[in-house]
Amino acid sequence: MSLPLEGRSAIVTGAGRGLGRAEALELARLGAAVVVNDFGQPGRDGSGAASATPAEEVAAGIRAAGGRAAAHTGDVADHQQARELVELAVAEFGQLDILVNNAGILRDRMVFSMSEDEWDSVIRVHLKGHFNTTHFAAAHWRARSKAADAPVYGRIVNTSSEAFLAGSAGQPNYAAAKGGIVGLTTSTALALAKYGVTANVICPRARTRMTADVFAGFQEPAGDGAEDRLDPLAPEHVAPLVGYLASPAAARVNGQLLVVHGGMVAVVERPRVAAKFDTKQDAFTYDELDALLTPHYADRPTGETFAAAEVLGLKHE
């Protein structure tokens, strides 16, 4: 029996550690040839010297298990290096079928304390990094589709965050970048559908190098047999959903946002219009808006905003 991704090739960015590593290993387990991308800087804030070791170790592990893999150690936030990443996948495996964008950094600070560099660097790696790889992958699929005069096989899985959905007071740069990734994904999904390409976005929760302190209060399994139980926040809870979204089985899943962690997947609906007001004149006046909107918000719970904080309470039952 063939594997669901047999004969397919994939790129996973930020795949030297954590979530990206687990996703690359899962795609390989499902039969895909994988380009493992990681810039290799040791600091979760993007600090430290770049290193080829993380990407090369994961790629070597895939090959040792009988799979096909190549390492790429470039910076996806650099436009030219993102081009070279896609070109490497095509050169190594003949074409690109799957793109998983995962690379990122954290530089947390309250909005009133955040520096320009802290803002720019996070937007650059997350949002621009997602755009760069998507741009070159999309051009590849569009050219193939036009040459064949038919749709091709293409899958994009992008990585957003609950920080965008729920609002994260100490992460204005990260939340903004992750919200931008959702907009990029839905736009891409509509633009590429006619070429046979789907684009979806996940909001994962996992204990990784980037989130070790965030989830310090969430205990790993303890007691008898703990070594046999998977940490509820292990990246391995997230990777199977990425494998599914990359597969032929998910052909009808496009432009969707899914929250995933600890044995749970939640499909998040698009925003819906909660209320609508029409002026009784040619245009609204201040007094008319005051008469309509002030009573509307008068009885709303204190602190309720557009953010969906309830997603933070989702868990496996």
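Conventions adopted
Residues numbered from 1 in each chain as written. Predicted model: local features only at pLDDT ≥ 70, side-chain atom pairs only at ≥ 80, totals over all residues. Heavy atoms only, no water. Helix = DSSP H or I, 4+ residues; strand = E, 2+ residues; numbered from the N terminus. Rg over C-alpha atoms; globule rule 2.2 N^0.38 Å. Buried < 20%, exposed > 50% of the residue type's maximum accessible area, 1.4 Å probe, protein only. Contact = heavy atoms within 4.5 Å. Areas by Shrake-Rupley, 256 points an atom, 1.4 Å probe, with all protein chains shown as cover. Lys, Arg positive; Asp, Glu negative; His and termini not counted. Charge placed at Lys NZ, Arg CZ, Asp CG, Glu CD. Pairing = 2+ DSSP bridges. Axes fitted to C-alpha atoms, helices over the stretch in contact; angles between N-to-C directions. Parallel < 35°, antiparallel > 145°, perpendicular 65-115°, else oblique. Left-handed = near helix turned anticlockwise from the far one by under 90°. Nonpolar A, V, L, I, M, F, W, Y, C, P; charged D, E, K, R; others polar. Expected span 1.5 Å × (residues − 1). Arc of directions from axis to C-beta. Polar contact = N/O pair within 3.5 Å; in protein donor to acceptor, adjacent residues only side chain to side chain. Salt bridge = Lys/Arg side-chain N within 4 Å of Asp/Glu carboxyl O.

### Quick look at the overall build of the protein chain
Then comes step 1: Across its full length, the protein chain carries eight helices and eight strands.
Then comes step 2: In terms of overall size, the protein chain behaves like a compact globule, its C-alpha atoms giving a radius of gyration of 21 Å where 317 residues would be expected to give roughly 20 Å.
Then comes step 3: By the burial criterion, 45% of the 317 residues in the protein chain qualify as buried.
Then comes step 4: Taking contacts inside the protein chain between residues at least 6 apart in sequence as the whole, the part at least 24 apart equals 69%.
Then comes step 5: On the protein chain, roughly 16,100 Å² of surface is accessible, and the fraction owed to carbon and sulfur atoms is 54%.
Then comes step 6: One way to put it: in the protein chain the 29 positive side-chain charges average out to a point 6 Å from where the 37 negative ones average out.

### Observations concerning the sheet that holds strand 4 (residues 98–100)
Then comes step 1: Spatially, eight strands are ordered 3-2-1-4-5-6-7-8 in an open sheet, and the strand pairing comes out mixed. One side of each edge strand has no neighbouring strand; the edge strands of this open sheet are strand 3 (69–72) and strand 8 (264–268). Each neighbouring strand pair of the sheet contributes to a mean axis angle of 20 degrees, computed without reference to strand direction.
Then comes step 2: When strand 6 (residues 197–204) meets strand 7 (residues 257–261), the two strands line up parallel, connected through four bridges. The residue of strand 7 that forms the bridge with I202 is L258.
Then comes step 3: On the sheet, helix 2 (residues 53–64) packs against strand 2 (33–37) and strand 3 and is oriented at approximately 180 degrees with respect to strand 3.
Then comes step 4: Across the sheet, helix 6 (residues 172–192) touches strand 5 (154–159), strand 6 and strand 7, and the angle it forms with strand 6 is around 160 degrees.

### A closer look at the packing of helix 3 (residues 79–93) against helix 4 (residues 116–148)
Then comes step 1: In the contact formed by helix 3 and helix 4, the axes pass within 8 Å of each other and the chain directions differ by 45 degrees. With respect to each other, helix 3 and helix 4 are oriented oblique. For helix 3 against helix 4, the interelement crossing comes out right-handed. Between helix 3, through H79, A82, R83, L85, V86 and V90, and helix 4, the contact on the second element is made entirely by F131, N132, T133, H135, F136, A137 and H140.
Then comes step 2: Looking at the contact of helix 3 with helix 4, its residues break down into seven nonpolar, five polar and one charged.

### A closer look at the environment of N132
Then comes step 1: With respect to the helices and strands, N132 occurs in helix 4.
Then comes step 2: Overall, N132 belongs to the buried group, its relative accessible area being 0%.
Then comes step 3: Placed 99 residues apart in sequence, N132 and A33 show a C-alpha to C-alpha distance of 21 Å.
Then comes step 4: Those residues in contact with N132 that lie beyond four places of it in its chain are V76, A77, D78, H79 and A82.

### Examining helix 3
Then comes step 1: Its 15 residues place the ends of helix 3 22 Å apart at the C-alpha level, agreeing with the 21 Å of an ideal helix rising 1.5 Å per residue.
Then comes step 2: If you check which residues of helix 3 are buried, you get A82, L85, V86, A89 and F93. The buried residues of helix 3 all sit within an arc of 85 degrees when viewed along its axis, so they share a single face.
Then comes step 3: Looking at the buried positions of helix 3, the neighbouring elements they touch are strand 1 (9–12), strand 2, strand 3 and helix 4.
Then comes step 4: The distance from a side-chain oxygen at the start of helix 3 to the backbone nitrogen of Q80 is 3.1 Å, and the residue carrying that oxygen is D78.
Then comes step 5: Downstream of helix 3 by one or two residues, G94 has phi in the positive range, about 95 degrees.

### Things to note about the pattern of salt bridges
Then comes step 1: Here the structure, examined in full by the defined rule, presents 10 salt bridges.
Then comes step 2: In this structure, R124 engages D75 in a salt bridge whose closest nitrogen and oxygen atoms are separated by 2.8 Å. A residue pair is termed long-range when its members are at least 10 positions apart, and R124 in helix 4 and D75 in the loop between strand 3 and helix 3 qualify at 49 residues.
Then comes step 3: Residue D75 is classed as buried on the basis of its relative accessible area of 11%.

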